[in-house]
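What the coordinates show
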Amino acid sequence: MRSRTFKKGNRNEANTSPHDRRDFLKNVTFLGTAAFVPAVFTQSCKDQKMESSGESENKAAVISQRRILGKGTAAMEVSALGFGVMGMNYHRGIHPDKKAMIKLAHQAVERGVTIFDTAETYGPFTNEELAGEALSGYKDRIAITTKFGFNYAGNRINEMPAGLNSRPERIREMVEASLKRLRIDVIELLYQHRLDPDVPIEDVAGTVKDLITEGKVKRFGLCEVGAETIRRAHSVQPVTAIQSEYHLMWRSVEEEILPVCEELGIGFVPYSPINRGFLTGAINEYTRFDSGNDNRNILPRFTPEAIRANLRIVEELNRFGRTRGMTIAQVALGWLLQKAPYIVPIPGTTKLSHLEENLRTADFSLAKQEWDELEMAVAAIPVTGDRYPASEQRKVEK
Ligand SMILES: NC(=O)c1ccc[n+]([C@@H]2O[C@H](COP(=O)([O-])OP(=O)(O)OC[C@H]3O[C@@H](n4cnc5c(N)ncnc54)[C@H](OP(=O)(O)O)[C@@H]3O)[C@@H](O)[C@H]2O)c1
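Owing to the predicted nature of the structure, the values given are computational and were not obtained by experimental measurement.

**Describing the overall build of the protein**
When its secondary structure is counted, the protein shows 14 helices and 11 strands. Across the 398 residues that make up the protein, the buried fraction comes to 46%. Relative to all contacts within the protein whose residues are 6 or more apart in sequence, the contacts with residues 24 or more apart total 75%.

What follows is the structure, given as structure tokens:
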């Protein structure tokens, strides 16, 4: 059990006084001490030749580090960085054609990535279909993780945006349809995407437990839930991973969620780990997001005013990386990786160059003190804009 106590409540950085922030930072230092395992991060990922990609003359980035999500029967060994499939055809604007995305997914497998994340609601359905077409041929080498939780009862788009539905019959229906779309026999890790206030978490965990017994699912995960929900779910079916937003501009999981993960031996998968492309330097106030297929259009942190203000944070990462030969994206991902050995970020991309840049994050080995300095410098900059509009914020537990 943790001996330290953590402040409760919404940690909107913009509304946090410098005093609160100092206390908060003091309180969370255990993550950097107890959980910091230099061996994991210092084991350098060497460049290797990629014969299979037809690039035998070029050296490709390969991620060889592995991490464990969960423990006991719920444990799962995966590459230290995963791949978020969502943006390959959903929510991240204009994307290359399907053939190019399938090739990129193959290149990620060749480069050592073993965990690929999708969800029923991405599309809906089309992102799982893409993941299935691209990756089912590698099912013995990699894991495709997916999520239920929205109201596609009858496997139909019943309402837009889809409401929540985690009733046992809906979970079962989703699993059958997902297995077909993903072209696999068993789902390696199945997450609840958003908590359904009408269905007790014990019923959800019990349904997934039954699906595990039936051999349709191997492991259970939850997204954006509070500590108490994690404990209740875990007591019914051991949880492998919590997947919630986490990066240098959104750290609320440090208050209660990461301590619970550490206590119970649950892995943590930060989604949007480079804040939807913002923590890379590729976005500025003049960036325009595709109105039809990019949810950054409705996110308060992606208005031109918020972007202009928050670029101070990107500049801090840039300053930190410049003297160490790291790009801004590598600084953002490296900070997450060093936080704890059970953390596996899942950045998404549509570009091989970005995939390789992201994977090369594992090549860098920095002292904890350096990361602490970065963290303090970034924490001193107020974040402008909420992470979600009210409609989305209502769906997350904390
Ligand atoms: N559980 C949940 O509720 C939830 C919510 C959101 C997302 N997710 C999962 O998390 C995954 C990743 O999240 P995300 O796509 O929202 O955010 P992200 O991974 O933080 O950012 C993706 C964006 O960053 C850009 N990018 C990636 N690497 C880059 C680099 N090195 N330099 C410059 N730009 C770079 C990508 O554009 P390019 O294509 O140009 O590289 C893309 O637009 C998703 O695929 C999904 O699986 C889960």
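So much for the structure itself; the text now carries on.
**Observations regarding the pairing of strand β10 (residues 239–245)**
Along β10, 7 of the 7 residues are buried, which leaves the element largely enclosed by surrounding structure. Bridge analysis of strand β9 (residues 220–223) against β10 gives 4 bridges, and the strand direction is parallel. Along β10, the bridge assignment pairs Phe220 with Val239. As for the winding sense of the linkage, the β-α-β connection from β9 through helix α8 (residues 227–236) to β10 is right-handed. Pairing geometry for β10 and strand β11 (residues 267–271), over 5 bridges, is parallel. Its bridge partner lying in β11, Ala241 is registered against Gly267. Taken together, β10, helix α9 (residues 257–264) and β11 form a β-α-β motif whose crossover is right-handed.

**Description of the site of the ligand**
The ligand sits among 29 residues. The nearest are Gly84, Met86, Gly277, Thr349 and Thr350. The greatest single-element share of the shell around the ligand, amounting to 3 residues, is contributed by helix α12 (residues 352–359). For the shell around the ligand, the class distribution of residues is 10 nonpolar, 13 polar and 6 charged.

**Some details on helix α11 (residues 328–339)**
The α-helix winds at 3.6 residues per turn, so residues separated by three or four positions along the chain end up facing the same way. When the terminal C-alpha atoms of α11 are compared, their 17 Å separation across 12 residues agrees well with the 16 Å that a helix rising 1.5 Å per residue should span. Counting buried residues in α11 gives 12 out of 12 residues, a clear majority hidden from the surface.

**Looking at the sheet that holds strand β6 (residues 115–117)**
Read from one edge of the open sheet, 7 strands run β5-β6-β7-β8-β9-β10-β11, paired in parallel fashion. Two strands lie at the open edges of the sheet, namely β5 (83–84) and β11, each paired on one side alone.

**A word on the environment of Thr146**
Position of Thr146 among the secondary structure elements: in strand β7 (residues 143–148). Sequence spacing of Thr146 and Asp117 is 29 residues, and the spatial spacing of their C-alpha atoms is 6.1 Å. The residues touching Thr146, leaving out its near neighbours within four places in the chain, are Thr118, Ala119, Glu120, Glu128, Ser178, Leu182, Ile187 and Leu190.

**A short note on the packing of helix α10 (residues 304–322) against α11**
For the pair α10 and α11, the least separation of the axes is 8 Å and the interaxial angle reads 90°. Between α10 and α11, the angle is such that the two are roughly perpendicular. Between α10 and α11, the residues in contact are Val314, Leu317, Asn318, Phe320 and Gly321 and Ile328, Gln330, Val331 and Ala332, respectively. A per-class count over the contact of α10 with α11 returns 6 nonpolar, 3 polar and no charged.

**Description of the confidence of the model for the protein**
Note that predicted coordinates carrying low pLDDT should not be read in detail. Per-chain confidence: the protein averages 87 in pLDDT, with 85% of residues scoring 70 or above. In the model, residues 1–56 has pLDDT below 50 throughout and makes 71 contacts with residues more than four positions away in sequence or in other chains.

**Overview of unusual backbone geometry**
Pro124 follows Gly123 through a cis peptide bond whose omega is 0°. Relative to the elements of secondary structure, Pro124 occurs in the loop between β6 and α5 (126–135). You will see that His91, though not glycine, has its phi angle at about 70°, which is positive. On the basis of neighbour count, His91 is assigned to the partly exposed category, with 19 C-beta atoms found within 10 Å. The backbone of Arg276 sits at a positive phi, close to 60°, despite the residue not being glycine. When you line up the elements, Arg276 lands in the loop between β11 and α10.

**Here's the deal with the packing of helix α7 (residues 201–213) against α8**
Where α7 contacts α8, the two axes come as close as 8 Å, and the packing angle between them is 35°. The two elements α7 and α8 meet at a crossing, and its hand is right-handed. The residues of α8 that touch α7, namely those facing Ile201, Glu202, Ala205, Gly206 and Lys209, are Thr229, Arg232, Ala233 and Val236. Tallied by class, the residues present in the contact of α7 with α8 amount to 4 nonpolar, 2 polar and 3 charged.

**What to know about the pairing of strand β3 (residues 66–69)**
Residues Arg67 and Leu69 line the buried face of β3, whereas the alternating positions Arg66 and Ile68 sit on a face that is not buried. Where β3 meets strand β4 (residues 76–79), 4 bridges bridge the pair, whose relative direction is antiparallel. Bridging from a neighbouring strand, Arg67 pairs with Val78 of β4. If you look at the hairpin formed by β3 and β4, you'll find 6 residues sitting between the two strands, and Gly70 has a positive phi there, around 75°.

**Regarding the nonpolar core**
Among the nonpolar cores identified, the biggest contains 101 residues, and Val208, Ile230, Val239, Ile242, Leu279, Ala332 and Val344 are the most heavily contacted of them. For Val208, the residues in contact, after removing those within four places along its chain, are Ile171, Leu190, Val217, Phe220 and Gln237.

**Side note on the environment of Leu222**
As for its position among the elements, Leu222 is in strand β9. Between the alpha carbons of Leu222 and Val239 there is a distance of 7.7 Å; along the sequence they are 17 residues apart. Beyond its immediate sequence surroundings of up to four residues, Leu222 is in contact with Tyr191, Gln192, Thr229, Ile230, Ala233, Val239 and Ile242.

Rules of the game
Residues numbered from 1 in each chain as written. Predicted model: local features only at pLDDT ≥ 70, side-chain atom pairs only at ≥ 80, totals over all residues. Helix = DSSP H or I, 4+ residues; strand = E, 2+ residues; numbered from the N terminus. Buried ≥ 20, exposed ≤ 12 C-beta atoms within 10 Å, placed from the backbone. Contact = placed C-beta atoms within 7 Å. Pairing = 2+ DSSP bridges. Right-handed = clockwise from strand over helix to strand, strands pointing away. Near = placed C-beta within 6 Å. Nonpolar A, V, L, I, M, F, W, Y, C, P; charged D, E, K, R; others polar. Expected span 1.5 Å × (residues − 1). Axes fitted to C-alpha atoms, helices over the stretch in contact; angles between N-to-C directions. Parallel < 35°, antiparallel > 145°, perpendicular 65-115°, else oblique. pLDDT = per-residue confidence, 0-100. Left-handed = near helix turned anticlockwise from the far one by under 90°. Core = buried A, V, L, I, M, F, W, Y, C linked by C-beta atoms within 7 Å.

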